[in-house]
Amino acid sequence: MKKFVLYCKSYRNDVLRVKRLAESIEQFNHEQIPFYVSVPSSDMALFQESLIGRPAILISDDEIIRANPSLSLEKINALPGGTSQQIVKSEFWRLGISESYLCVDSDCVFIRQFSESDFITSEGYPYTVVHEAKELLQFAIRHGMQNVSDNFHKERQQLMNIFGRTGHHYDFGPPPLLWSRHVWVALDEQFLKPKNMNFYDAIVMFSGEIQWYGEAMLKFRPFPLTPVEPYFKFYFYERQFLIGKQQGESIDRLARDYLGVCYQSNWDTKSNLIQKPLLSRLVRWIRRTVFRRYS
């Protein structure tokens with residue numbers, strides 16, 4: 001079993017993004033840390049063609065799901081894609097490939113050289129991404145997005161109640177997510193199984209794999225917690241990206257503090273394999289133009 005690998009869960013509409021991600025890994029992964037990509041079986045041929053010559057090891061989502069006999073492939077496939085992918089990503093550890101893994105979204109890209117020591121402490125344990133998301137919450141308040149703050153605290157309190165934890169509301173993301181199989185094992189053995197549950201049941205109860213991992217880490221502490229800030233600059237909203245650009249944010253500046261950048265695919269649509277209708281793209285262009293002119 002390897003100490004650490006990179007992993008991305010994807011699907012066909014993100015194939016161009018994964019190609020871009022793989023190219024950035026090829027450029028900056030000087031230690032040649034293995035990079036795994038899982039996709040639906042029906043998308044395998046498309047990704048094999050797109051990633052020819054790139055440093056990526058392809059596996060099917062089905063292989064991950066079947067590694068846990070308590071999961072039902074049919075029930076998971078019946079879930080919305082955004083929900084089912086949480087289960088696949090969180091069950092990758094069951095393949096026995098590595099002790100820890102960096103779960104990188106398709107819309108992420110590395111912007112400078114990285115090594116295993118960025119993610120694994122000298123004692124051999126992964127760092128834990130944990131913070132209070134103050135930058136995001138302040139952005140939301142400044143731009144009249146009170147619902148973002150309200151939902152942030154409501155969702156975290158909901159899972160804290162399930163675990164019986166009191167105290168601060170923490171964020172354990174955003175992607176990429178640094179996860180250890182030992183935390184997932186602790187959650188499975190000490191929390192889910194005693195309640196006759198599996199991770200499908202957990203996600204149906206509370207949809208938020210990032211919080212499940214973080215709260216399990218705080219609860220069970222299978223290894224010492226060494227906190228670290230998010231690894232990538234994550235643009236949740238197009239407005240956030242445009243304001244940053246206006247204020248002089250550039251790849252060179254970001255690379256001083258971040259290993260990469262993540263452009264959310266729900267607004268950064270130019271890399272979609274299947275583009276939205278022309279009218280939808282025209283409306284988006286008008287909104288961007290108006291924002292630049294009057295902000």
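Above this note sits the structure.
The notes below deal with the structure included here. (Residues numbered from 1 in each chain as written. Predicted model: local features only at pLDDT ≥ 70, side-chain atom pairs only at ≥ 80, totals over all residues. Heavy atoms only, no water.)

1. Points about the overall build of the chain
Within the chain one finds 13 helices and ten strands. Looking at the 295 residues of the chain, the share that counts as buried comes to 52%. The long-range share in the chain, meaning contacts at least 24 apart out of those at least 6 apart in sequence, stands at 76%. Of the roughly 14400 Å² of accessible surface on the chain, a fraction of 50% belongs to carbon and sulfur atoms. (Helix = DSSP H or I, 4+ residues; strand = E, 2+ residues; numbered from the N terminus. Buried < 20%, exposed > 50% of the residue type's maximum accessible area, 1.4 Å probe, protein only. Contact = heavy atoms within 4.5 Å. Areas by Shrake-Rupley, 256 points an atom, 1.4 Å probe, with all protein chains shown as cover.)

2. So, helix 7 (residues 146–163)
Residues spaced three or four apart along an α-helix point in a common direction, a consequence of the helix completing one turn every 3.6 residues. Between its terminal C-alpha atoms helix 7 stretches 26 Å, which fits the 26 Å expected from 18 residues at 1.5 Å a residue. Turning to helix 7, the residues buried within the fold contact helix 6 (134–142), helix 8 (181–192) and helix 10 (209–220). Two residues or fewer past helix 7, glycine 164 is found with a positive phi of approximately 75 degrees. (Expected span 1.5 Å × (residues − 1).)

3. Some remarks on the packing of aromatic side chains
If you walk through the whole model with that rule in mind, you get 25 aromatic pairs. Between the aromatic rings of tryptophan 179 and tryptophan 184, the centroid separation amounts to 5.1 Å while the plane-to-plane angle is 90 degrees, which identifies the pairing as edge-to-face. Here lysine 195 stacks its cationic end above the ring of phenylalanine 191, 4.1 Å away from the centre of that ring. (Phe/Tyr/Trp six-rings, centres within 6.5 Å; stacked < 30°, edge-to-face > 60°. Lys NZ or Arg CZ within 6 Å of the ring centre and 35° of its normal.)

4. Things to note about the pattern of salt bridges
One pass over the structure, following the stated rule, counts 16 salt bridges. Across the pair glutamate 249 and lysine 233 runs a salt bridge whose closest N-O atoms are separated by 3.9 Å. Of the two residues, glutamate 249 is situated in the loop between helix 11 (238–246) and helix 12 (251–254) and lysine 233 in strand 9 (residues 232–235); the sequence distance between them amounts to 16 residues. When its relative accessible area of 27% is taken as the criterion, glutamate 249 is described as partly exposed. (Salt bridge = Lys/Arg side-chain N within 4 Å of Asp/Glu carboxyl O.)

5. Topic: the pairing of strand 2 (residues 35–39)
Most of strand 2 sits out of view: five of its five residues are buried. Residues of strand 2 alternate between two faces, with Phe35, Val37 and Val39 on one and Tyr36 and Ser38 on the opposite face, all of them buried. As paired strands, strand 1 (residues 2–9) and strand 2 are joined by four bridges and run parallel to one another. Bridged to lysine 9 within strand 2 is serine 38. One crossover worth recording links strand 1 to the parallel strand 2 by way of helix 1 (residues 15–28), and it is right-handed. For strand 2 and strand 3 (residues 57–60), the ladder comprises four bridges, and the chain directions are parallel. Counterpart to tyrosine 36 in the pairing with strand 3 is isoleucine 57. As a crossover connection, the stretch from strand 2 through helix 2 (residues 44–50) into strand 3 is right-handed. (Pairing = 2+ DSSP bridges. Right-handed = clockwise from strand over helix to strand, strands pointing away.)

6. Examining the sheet that holds strand 4 (residues 98–103)
Here we have five strands laid out as an open sheet, ordered 3-2-1-4-7, and mixed in their pairing. In the strand order of this sheet, the two ends are held by strand 3 and strand 7 (177–180), each with one partner. Strand-to-strand twist across the sheet, computed as the mean angle between neighbouring axes with direction ignored, equals 30 degrees. Its contacts with the sheet put helix 1 on strand 1 and strand 2, and the angle it makes with strand 2 is roughly 170 degrees. Along the sheet, helix 8 makes contact with strand 4 and strand 7, crossing strand 7 at roughly 65 degrees. (Axes fitted to C-alpha atoms, helices over the stretch in contact; angles between N-to-C directions.)

7. Here we look at the sheet that holds strand 5 (residues 108–110)
Strand pairing in a sheet relies on backbone hydrogen bonds, with the paired strands running either antiparallel or parallel. Strand order in the open sheet formed by three strands is 5-10-9, and the pairing between neighbours is mixed. Strand pairing shows two members of the sheet lacking a second neighbour, strand 5 and strand 9, which therefore form its edges. On average, each strand axis in the sheet is inclined to that of its neighbour by 15 degrees, with strand direction left out of account. As defined by bridge partners, strand 9 adjoins strand 10 (residues 260–263) across four bridges and the pair is classed as parallel. Across the sheet, phenylalanine 234 pairs through a bridge with cysteine 262, a residue of strand 10. Along the sheet, helix 1 makes contact with strand 5 and strand 10, crossing strand 5 at roughly 20 degrees.

8. A few points about unusual backbone geometry
Here the bond from glycine 173 into proline 174 is cis, since omega is 5 degrees, no more than 30 degrees from zero. Here proline 174 shows up in the loop between helix 7 and strand 7. Of note, the bond from proline 175 into proline 176 is cis; its omega dihedral lies within 30 degrees of zero at 0 degrees. Within the element layout of this structure, proline 176 appears in the loop between helix 7 and strand 7. The phi dihedral of asparagine 196 falls on the positive side, at around 60 degrees, and the residue is not glycine. Among the structural elements, asparagine 196 can be located in the loop between helix 8 and helix 9 (199–205). Asparagine 196 gets classed as exposed once you look at its relative accessible area, which sits at 72%. Backbone geometry at arginine 221 places phi at a positive 45 degrees, although glycine is not the residue there. Inspection of the secondary structure puts arginine 221 in the loop between helix 10 and strand 8 (227–228). The exposure class assigned to arginine 221 is partly exposed, which follows from its relative accessible area of 46%.

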